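Here's the letter readout for the chains.
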Amino acid sequence: MAAVSDRVDLGAAWRSARREPPPTRFHQVHGANIRVDPSGTRATRVESFAHGVCFSREPLAPGQVFLVEIEEKELGWCGHLRLGLTALDPATLAAVPEFSLPDLVSLGHTWVFAITRHHNRVPREDRPEAEALVPGRPPALLVEPYLCIEQFRIPRDRLVGRSRPGLYSHLLDQLYELNVLPPTARRSRLGVLFCPRPDGTADMHIVINGEDMGPSARGLPAAQPLYAVVDVFASTKSVRLVQLEYGLPSLQTLCRLVIQKSVVHRLAIDGLHLPKGLKDFCKYE
């Protein structure tokens, strides 16, 4: 495994080879029960539990994360969000299938991963899952500002979903920092990307709240356009797109990190002499 210092900075690679990708948007082609807002960044299933398949408007670039945040849940359904990639051009589909699994996958050239409350990580021979559970080892979210996946290095900050602070936040913030926000919970952030390999294929990775779940699919055709697939299924009712910073973190993000490190817990941010907008950004974003 290559050392972290040998990783390729995604932002640097794009700046030298091509313009950074445009903001992610949902495709105008989607399931019958989906409504996409005018900005193309929010997708809501308006009825039933199915016909919620969405696609990215453009094919993804290598290492580009199509990241969504769960905005609304709906009780009474069994199942959660599904994420993946497809080499099928959504505009060429005669009809969008009712489900991503198994309907869309059965059309071929499509790889979809069903998100569950637990057990989303794919075991890897070169990095046992138990490695992340060593007592006394600081969680990566607290010490590593970048998420390294294969040859790509992605700023971790925007990848992490954050719960709203409440009455007991001063007691729960340590748990919050340890990233115990369930993958299927409201405000969780989930993304999909692909990483090309030397043999011309690619691996699909799922990212949940700033953590790489490992290669959930291998052998994807890296030379073909790959669109993101988001199935707003069952208990997941609405998602919104989150835009990432691939180069250097913004000044706003750097300020937030400094402020967060200087307070005991998130509720203490309210006592700082700062603009309300900056306080909200520090607590919620």
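Structure first, text after, so check above.
These lines cover the structure that appears in this document, whether it is placed above or below. Computed from a prediction, not measured in an experiment: that's the story for all the values here.

Here's the deal with the nonpolar core
Here comes step 1: Counting 31 residues, the largest nonpolar core has Phe26, Phe66 and Val230 as the members making the most contacts within it.
Here comes step 2: For this core, the elements supplying multiple residues, two or more each, are strand S5 (66–73), strand S6 (82–86), strand S7 (110–114), strand S10 (189–196), strand S11 (201–208), strand S12 (211–221), strand S13 (227–231) and strand S14 (236–242).
Here comes step 3: The leading source of residues in this core is S11, at four residues.
Here comes step 4: Once residues lying within four places of it in the same chain are set aside, the contact partners of Phe66 are Thr24, Arg25, Phe26, Ser56, Leu60, Leu190, Gly191, Val192, Ala228, Val230 and Leu241.
Here comes step 5: In terms of nonpolar packing, the next biggest core, distinct from the first, is built from 13 residues, Leu67, Ile154, Leu193 and Val242 among them.

Observations regarding the pattern of salt bridges
Any two side chains of opposite charge can pair, on the condition that their charged atoms come close.
Here comes step 1: Within this structure, the stated rule accounts for 10 salt bridges.
Here comes step 2: Put simply, Arg189 and Glu69 hold a salt bridge, and the shortest N to O gap is 2.7 Å. With Arg189 in strand S10 and Glu69 in strand S5, this pair connects stretches of sequence that are 120 residues apart. Just as Arg189 is buried, Glu69 falls in that class too.
Here comes step 3: Ionic pairing is found between Arg121 and Glu211, a salt bridge with its closest N-O pair at 3.3 Å. One end of the pair, Arg121, is in the loop between S7 and helix H3 (140–143); the other, Glu211, is in strand S12, with 90 residues separating them in the sequence.
Here comes step 4: For Glu211, a relative accessible area of 28% corresponds to the partly exposed category.
Here comes step 5: Connected through salt bridges with shared partners, the residues Arg42, Glu69, Glu71, Glu72, Arg189 and Arg240 form a single ionic network.

Remarks on the sheet that holds S13
Here comes step 1: Taken in spatial order, the four strands of this open sheet run S4-S13-S6-S7, and their pairing is antiparallel. Either end of the sheet is taken by a strand with one partner, and the two such strands are strand S4 (53–55) and S7. Each adjacent strand pair in this sheet contributes to an overall mean axis angle of 20°, direction not counted.
Here comes step 2: Judged from the five bridges that link them, S6 and S13 form a sheet pairing that is antiparallel. When the sheet's bridge partners are listed, Arg82 is paired in S13 with Asp231.

Side note on the pairing of S13
Here comes step 1: Of all five residues that make up S13, five are buried, and the element is covered over most of its length.
Here comes step 2: Alternating positions in S13 separate into two faces, Tyr227, Val229 and Asp231 on one and Ala228 and Val230 on the other, with burial throughout.
Here comes step 3: Note: S4 against S13, three bridges, orientation antiparallel. Each residue of the ladder has a partner; that of Cys54, found in S13, is Val230.

Criteria and cut-off values
Numbers given for residues are sequential positions, taken from 1 along each chain in its written order. With pLDDT at 70 or above as the cut-off, local features in this predicted model cover only qualifying residues; side-chain atom pairs require 80 or more to be listed or tallied, and sums for whole chains, interfaces and linings still use all residues. By convention in this description, side-chain values take in all heavy atoms of the structure and omit both hydrogens and water. Within this scheme, the nonpolar core is defined by two criteria: the residues are buried Ala, Val, Leu, Ile, Met, Phe, Trp, Tyr or Cys, and they are joined through side-chain atoms within 4.5 Å. In this scheme, a residue with accessible area under 20% of its type's maximum is buried, one over 50% is exposed, and one in between is partly exposed, where area comes from a 1.4 Å probe on protein chains only. Helical segments are the DSSP runs of H or I of at least four residues, strand segments are the runs of E of at least two, and each set is numbered from the N terminus. Contacts were defined at the residue level, with two residues in contact if any of their heavy atoms lie within 4.5 Å. The rule for a salt bridge is simple: a side-chain nitrogen of Lys or Arg has to be within 4 Å of a carboxyl oxygen of Asp or Glu. Here, any two strands with at least 2 DSSP bridges between them count as paired. Note on geometry: axes are lines fitted to C-alpha atoms, helical ones only across the stretch in contact, with angles between N-to-C directions running from 0 to 180 degrees.

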